[in-house]
Amino acid sequence: LLELSSDDNFREYIKRAMVYIGREKPDSLLPLYSSSDVYLRRFLCEVAVVVAAPLYFDVMLKGLGDDDGHIRALAAAGLSNIGDKAAVEHIMKLLDDPYIDVQEAAVKALVAFRDRLDASLLKKDLEGKNPVLKKNVILLLGRVEAEGAVPAIGFCLKDEDVLVRRAVVSSLSFFKSEESIRYLTTALTDEDPDIRSSAALSLGASGSSIEPLSLLLSDTDDMVRVSVAK
């Protein structure tokens, strides 16, 4: 079966068969995860994500440190589906992974552990100088709608890194409170047009006052004006 998994014509059929085997006898697949073949490990991780058997916890935990970024991302998803809170501190380490896809997988996985996250510790990460970590912590705080996080997130609108400021606008859009609307209004004056555009769309969706948006109808950037019109 595994030899056939490399053939795109059979891959999905083989995956379904392996998922069935994994659910019936999860221990039968464990020895295969030590394979030196990176493509085989990726395939098996895809199977483990679906099976989500607690028996795969250690294998997925090891996968977080794999040299292959696809496997690290899949391991985060697998641990999220298994649901063991012991995985949280290990998945957190992927928030500043070199690959964006892995970072996004880590954020998504941690959202599933929203009741087990310590927002106060996360907010401390916003005081550091690592822009990648700050960006992803901001996104995470927004997606879990962490209580009391809006001021800490909003303060990062002053950050010199544009990716951090973009994350702030994306994160604030989840809260839909008067406090978040004030920060989004401030973002309308950001030097980056993508931020002004995103802030305009978020404010429109919030149903807040139209007056701050109308000021951007004469913005020099086409997409900002389009966003204001929307």
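Look a little higher up for the structure.
What this report covers is the structure whose coordinates are included nearby. Model, not experiment: these values are computed from the prediction.

## Here's the deal with the nonpolar core
Here is step 1: The biggest cluster of nonpolar side chains holds 72 residues, and the ones touching the most others in it are Tyr-56, Met-60 and Ile-91.
Here is step 2: The biggest single contributor to this core is helix H2 (residues 38-51), with eight residues.
Here is step 3: If we ignore the near neighbours within four places in the chain, the residues touching Ile-91 are Leu-64, Ala-76, Leu-79, Ala-106, Ala-109, Leu-110 and Phe-113.

## Focus on the packing of helix H11 (residues 178-187) against helix H12 (residues 193-206)
The description of two packed helices rests on the angle between their axes and on the distance between the axes.
Here is step 1: Interaxial distance between H11 and H12 falls to 8 Å at its minimum, and their mutual angle equals 145°. Classified by chirality, the crossing of H12 by H11 is left-handed. Contact with H11, carried on its side by Ile-181, Leu-184, Thr-185 and Ala-187, involves Ile-195, Arg-196, Ala-199, Ser-202, Leu-203 and Ser-206 of H12 and no other residues of that element.
Here is step 2: Looking at the contact of H11 with H12 residue by residue, the class counts come to six nonpolar, three polar and one charged.

## Some thoughts on the environment of Pro-31
Here is step 1: Along the chain, the position of Pro-31 falls in the loop between helix H1 (11-24) and H2.
Here is step 2: On the basis of relative accessibility, which here comes to 57%, the residue Pro-31 falls in the exposed class.

## Looking at the pattern of salt bridges
Working definition: two side chains of opposite charge can pair if their charged atoms are close together.
Here is step 1: For the coordinates displayed, the defined rule picks out 12 salt bridges.
Here is step 2: For Asp-194, the salt bridge identified is with Arg-166, shortest N-O distance 3.2 Å. One end of the pair, Asp-194, is in helix H12; the other, Arg-166, is in helix H10 (residues 162-172), with 28 residues separating them in the sequence.
Here is step 3: By relative accessible area, which is 32% here, Arg-166 ends up partly exposed.

Reading guide: rules and limits
Residues numbered from 1 in each chain as written. Predicted model: local features only at pLDDT ≥ 70, side-chain atom pairs only at ≥ 80, totals over all residues. Heavy atoms only, no water. Core = buried A, V, L, I, M, F, W, Y, C linked by side-chain atoms within 4.5 Å. Buried < 20%, exposed > 50% of the residue type's maximum accessible area, 1.4 Å probe, protein only. Helix = DSSP H or I, 4+ residues; strand = E, 2+ residues; numbered from the N terminus. Contact = heavy atoms within 4.5 Å. Axes fitted to C-alpha atoms, helices over the stretch in contact; angles between N-to-C directions. Left-handed = near helix turned anticlockwise from the far one by under 90°. Nonpolar A, V, L, I, M, F, W, Y, C, P; charged D, E, K, R; others polar. Salt bridge = Lys/Arg side-chain N within 4 Å of Asp/Glu carboxyl O.

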